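What the coordinates show
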Amino acid sequence: MNNELRSWRFLVKVAEVGSVTRAAEQLHMTQPALSRHLQQLEETTGVELLMRHGRGVRLTPAGEHFRNVAEEILERMSSLSDELSARASEPAGEFAVGLPMSWAGLVTAELVPRFLRAFPKVKLRILEGATPELRRALNARQLQMAVMLDSDQDADLTLDSLVDECAYLVGNKSAGIPTGKRASFRMLAGQPLIQLPQETHVRVQVERALAKLRINGDTLIEINSLNLLGFVERGLGVSVLPASAVESYSRKHALSYTLMRDFTFSWCIATLRSRPRTAAMNEFAIVLKQLLGDIVGRGLWPSARCTWVK
């Protein structure tokens, strides 16, 4: 039955993207292997489910009906699995969680081993990314939980407050950034900028602030990873980032940085309202909050404040 369900998921993905090749890439498998699964599914059902055309594939009428029924069954089976896991007293099984890429060195590096030491029967599947990417994965039920910015209201999500932090203006040692003094967005005028993608909360806030001041930001590099700090270190430009990203950087001693004025972030745990929290999810939240308390308490994240502490 597991093989059949996997083939159903493959068909749903192919229908979603309209291409066997693109679906194979997103499923992290080869195109011939995916084609074999689809062929076996058609042989099992005895009907043609896909029609090929010059730009890809589309579902036949029988394929459309099959997809609709398959999505209902897959959704129900996912919900049933969550309901059973929620009733379990001991965390076990696979747990998919999304974590901010800016937390990689400061939080995630310690969080994962600490959780697995406490709950060795759990297998973690981790997606690191920016809030928009994590929100999409959570809504698509690819994740059970995500740590993301509490920036946009979403009626489908339950949010559990974690920590507030500030942003840094960061450059290399010769960038002339005055440490110990709050930076304003006016300091970005005329500077080559190295920025995260436009959909990220940080980028949106930077662009809004510059537009309000009628400053045209000169974005030299846009990159969707914190490798951008390597470019900052080499003097290619300056950046505005969550403080956690800079504190995570292994070579932060090679940077100069200072807090931005009136620029804070609120992080939270997000889960789907329609998806019950499992024992593993509850324990992960507890371990995460304890770790955040330790990190902030030891002064490793100077600008942060734990908001879950009463």
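These numbers were taken from a predicted model, which means no experiment stands behind them.

Reading guide: rules and limits
- Within any chain, residue numbers begin from 1 and follow the written order of that chain's sequence.
- In keeping with the predicted nature of the model, local features appear solely for residues at pLDDT of at least 70, side-chain atom pairs appear and are counted solely at 80 or more, and the whole-chain, interface and lining totals rest on all residues.
- Hydrogens are left out, water is left out, and the side-chain values use all remaining heavy atoms of the structure.
- Burial classification: accessible surface area is computed with a 1.4 Å probe over protein chains only, and a residue below 20% of its type maximum counts as buried, one above 50% as exposed, and the rest as partly exposed.
- Each helix corresponds to a stretch of at least 4 residues labelled H or I by DSSP, and each strand to a stretch of at least 2 residues labelled E; elements are numbered beginning at the N terminus.
- One requirement defines pairing of two strands: DSSP has to find at least two bridges between them.
- The path from the first strand over the helix to the second decides the hand: if it runs clockwise while the strands point away from the viewer, the crossover is right-handed.
- What is meant by a nonpolar core is a set of buried Ala, Val, Leu, Ile, Met, Phe, Trp, Tyr and Cys residues, joined one to another through side-chain atoms within 4.5 Å.
- Throughout, a contact is declared for two residues whenever any of their heavy atoms are within 4.5 Å.

Moving on to the pairing of strand β3 (residues 93-100). Within a regular strand, the side chains alternate between the two sheet faces. Of all 8 residues making up β3, 6 are buried, and the element is well covered by its neighbours. In the sheet, β3 pairs with strand β4 (residues 122-129) via 8 bridges, with the strands oriented parallel. Residue glycine 93 lies in a different strand from β4, and its bridge partner there is valine 122. Of the crossover connections in this fold, the one passing from β3 over helix α5 (residues 104-118) to the parallel β4 is right-handed. Where β3 meets strand β5 (residues 145-149), 2 bridges bridge the pair, whose relative direction is parallel. Across the sheet, residue glycine 98 finds its bridge partner in β5, namely alanine 146.

Turning to unusual backbone geometry, a few remarks are in order. Here arginine 214, not a glycine, exhibits a phi torsion of approximately 60°, which is positive. You can see arginine 214 is positioned in the loop between α7 (201-212) and β8 (218-222). Residue arginine 214 is classed as exposed on the basis of its relative accessible area of 78%. Residue aspartate 262 is not a glycine yet carries a positive backbone phi of 55°. Checked against the element boundaries, aspartate 262 lands in strand β10 (residues 255-272).

Moving on, we come to the nonpolar core. Trp103, Val107, Leu188, Leu288 and Trp301 are the most contacted members of the largest nonpolar core, which totals 64 residues. Considering each element in turn, this core owes the most residues, 9 residues, to helix α10 (residues 279-297). Here valine 107 is in contact with Leu288, Leu291, Leu292, Ile295 and Trp301, once residues within four sequence places are set aside. Counting 20 residues, the second-largest nonpolar core is a separate cluster that includes Phe10, Val12, Leu49 and Leu74.

Any functional reading would require information beyond the geometric quantities listed.
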